[in-house]
Amino acid sequence: MKIPNTAHTERPWRIHEIAPDFVVEDVWALPTPGGPDDLPRLVRLITTDHDTPQPLVFRVLFDIRWKLGALLGWDDPDSAVGARVVSLRERLPDDLRDGPCGPDNEGYPFTSVYLTENEWAAEMANRTVHTVMHIGWVPDESGGYRGQMAVLVKPNGLFGKAYMAAIAPFRYVLVYPALMRIFERGWQRQSA
């Protein structure tokens, strides 16, 4: 479920000191109820779960996006993290730089930046945007815990801003609801 951006901005996350020039685009409460130490489980689900069926609309939209990106050169290697933009790992304070960064899995478009006991950040870049997916592990209303996802963006110029505005309806109506169902099914399957 989409929640106010303040659910992210008012927490003392480490990402605030690392990416102050990024804009919080979206914040979502994830359907992943658990205990206080379940963040690593959620990170594994996000980065390695290929068994949860993806809704057709989700697959089609991403296939179109990746094909369009290939055709127009949006996702060329020279537009990625480490090429067009410097990795946020370069901004990390020593304690995070020396700590675990989290998983990097082939086929997963994000690169891990850092991992703590209650947050994980991963980044990706292309010609349109440099983006961060921030996953936090937060107390919920029932006395347990759940995941919280914030999407932070730094658009690449006017084209990046126009791109983000153009895809907003697709993100809210199709992508995020499908993504929440994928998280929920994967989480339930892991719990079984």
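Residues numbered from 1 in each chain as written. Predicted model: local features only at pLDDT ≥ 70, side-chain atom pairs only at ≥ 80, totals over all residues. Heavy atoms only, no water.

1. Quick notes on the pattern of salt bridges
Part 1 of the argument: Tallying each qualifying case throughout the model produces nine salt bridges.
Part 2 of the argument: Put simply, Lys-2 and Asp-26 hold a salt bridge, and the shortest N to O gap is 3.8 Å. In this pair, Lys-2 sits in the segment before α1 (6-9) while Asp-26 sits in strand β1 (residues 23-29), placing the two residues 24 residues apart along the sequence. (Salt bridge = Lys/Arg side-chain N within 4 Å of Asp/Glu carboxyl O. Helix = DSSP H or I, 4+ residues; strand = E, 2+ residues; numbered from the N terminus.)

2. Some details on helix α3 (residues 39-48)
Part 1 of the argument: Among the ten residues in α3, seven count as buried, and that is most of the element.
Part 2 of the argument: Among all positions in α3, only Leu-39, Arg-41, Leu-42, Val-43, Leu-45, Ile-46 and Thr-47 are buried.
Part 3 of the argument: Buried residues belonging to α3 abut β2 (111-115), β3 (119-125), β4 (129-139), β5 (145-155) and α6 (157-191). (Buried < 20%, exposed > 50% of the residue type's maximum accessible area, 1.4 Å probe, protein only. Contact = heavy atoms within 4.5 Å.)

3. Here's the deal with the layout of surface pockets
Part 1 of the argument: Considering only enclosed or pocket space, the second largest pocket measures out at about 150 Å³ in volume.
Part 2 of the argument: Taken together, 13 residues form the lining of the second largest pocket, with Ala-80, Val-81, Pro-109, Met-124 and Ala-125 sitting closest to its centre.
Part 3 of the argument: Per-element accounting of the lining of the second largest pocket gives the leading share, three residues, to β3.
Part 4 of the argument: Taken together, the residues that form the lining of the second largest pocket break down as seven nonpolar, three polar and three charged. (1 Å grid on protein atoms, 1.4 Å probe; cavity = no way out; pocket = protein on both sides within 12 Å on 5 of 7 lines; lining within 4 Å. Points joined across faces, edges and corners; volume = space filled by probe spheres on them. Nonpolar A, V, L, I, M, F, W, Y, C, P; charged D, E, K, R; others polar.)

4. Re the sheet that holds β3
Part 1 of the argument: As summarised here, the arrangement of the five strands in space is β1-β5-β4-β3-β2, forming an open sheet in which the pairing is antiparallel. Whereas interior strands pair on both sides, the edge strands pair on one side only; in this sheet they are β1 and β2. With direction set aside, neighbouring strand axes in the sheet form an average angle of 20°.
Part 2 of the argument: Relative to β5, β1 is paired through six bridges, and the arrangement is antiparallel. Paired with Asp-26 across the strands is Val-151, a residue of β5.
Part 3 of the argument: Along the sheet face, α3 touches β2, β3, β4 and β5 and points at about 145° away from the line of β4. (Pairing = 2+ DSSP bridges. Axes fitted to C-alpha atoms, helices over the stretch in contact; angles between N-to-C directions.)

Geometric values such as these leave the question of function open.
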